[in-house]
Amino acid sequence: MREPYARLMARLYRASIWIAGIAIVVMTLVIPWGVFTRYVLGTGSEWPEPLAILLMIIFTFFGAAACYRANAHIAVALFRDMLPPPARAVLAMLVDLLMALLALFMIVWGARLVEATWHQSIAEFPWLPVGASYLPLPLASVITLLFIVEHAWLGPASDLAGSGAEPAADLD
């Protein structure tokens with residue numbers, strides 16, 4: 001049961017990286033187009049800025065999930081490193097618990113936000129429901145929660161050597 005879960009998390013990790021990577025690449029292409037049309041052509045396009053914001057939402061939440069799994073998230077280790085090993089283990093469990101509660105909060109309230117705004121439309125993209133722009137919040141939070149379960153159950157992903165579940169690069 002551990003190996004299949006670890007393999008699934010490795011695939012989810014790679015998918016999250018690809019989603020975040022594609023979002024940031026497209027965003028870096030869209031923003032210069034907006035600048036070009038505004039300052040060179042003198043007729044600014046309406047769509048680059050809202051599209052860049054949507055892509056930033058996707059990049060942020062899927063990238064954060066991947067960073068959690070790769071243990072590349074922002075962490076202040078000074079206090080943790082001053083503690084004896086048994087206290088570090090307790091602190092690690094507390095961090096996993098708090099992260100899981102945060103992920104659950106974002107899943108529940110993110111889904112409610114998606115539902116509440118689904119029938120509204122974005123002015124620049126009338127075919128796109130506002131709720132769709134918020135979908136990365138609960139979706140990436142589910143992925144983060146799965147990574148938290150993996151971390152609590154199997155240990156950090158970098159400790160899964162040989163399972164095919166380790167992150168693409170060691171970022172410690």
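Attention in this report is confined to the structure presented alongside it. (Residues numbered from 1 in each chain as written. Predicted model: local features only at pLDDT ≥ 70, side-chain atom pairs only at ≥ 80, totals over all residues. Heavy atoms only, no water.)

As for the overall build of the chain
(1) Moving on: For the chain, the count of helices and strands is six helices and two strands.
(2) Moving on: Counting from the amino terminus, helix and strand elements in the chain follow one another as α-α-α-α-β-β-α-α.
(3) Moving on: Looking at the chain residue by residue over its 172 residues, the buried ones come to 33%.
(4) Moving on: Within the chain, contacts between residues at least 6 apart in sequence are counted, and of these 71% link residues at least 24 apart. (Helix = DSSP H or I, 4+ residues; strand = E, 2+ residues; numbered from the N terminus. Buried < 20%, exposed > 50% of the residue type's maximum accessible area, 1.4 Å probe, protein only. Contact = heavy atoms within 4.5 Å.)

Notes on the side chain of Thr144
(1) Moving on: Assignment of secondary structure puts Thr144 in helix H6 (residues 136-154).
(2) Moving on: Excluding anything up to four places from it in sequence, Thr144 contacts Ala65 and Met99.

Let's talk about H6
(1) Moving on: The end-to-end C-alpha distance of H6, which contains 19 residues, comes to 26 Å, matching closely the 27 Å that a straight helix rising 1.5 Å per residue would cover.
(2) Moving on: Within H6, burial applies to Pro136, Leu137, Pro138, Ala140, Ser141, Ile143, Thr144, Leu145, Phe147, Ile148, Glu150 and Leu154.
(3) Moving on: Of the residues trailing H6, Gly155 is marked for its positive phi of about 95°. (Expected span 1.5 Å × (residues − 1).)

Thoughts on unusual backbone geometry
(1) Moving on: Its identity is not glycine, yet Asn71 carries a phi of approximately 60°, on the positive side.
(2) Moving on: Position of Asn71 relative to the elements: it lies in the loop between helix H2 (48-69) and helix H3 (78-82).

Structural notes on the pairing of strand S2 (residues 125-129)
(1) Moving on: Where strand S1 (residues 121-122) meets S2, two bridges bridge the pair, whose relative direction is antiparallel. Paired with Ile122 across the two strands is Phe125, which belongs to S2.
(2) Moving on: Taken together, S1 and the strand that follows it, S2, pair antiparallel across an intervening segment of two residues. (Pairing = 2+ DSSP bridges.)

The quantities given are spatial measurements derived from coordinates; they are silent on function.
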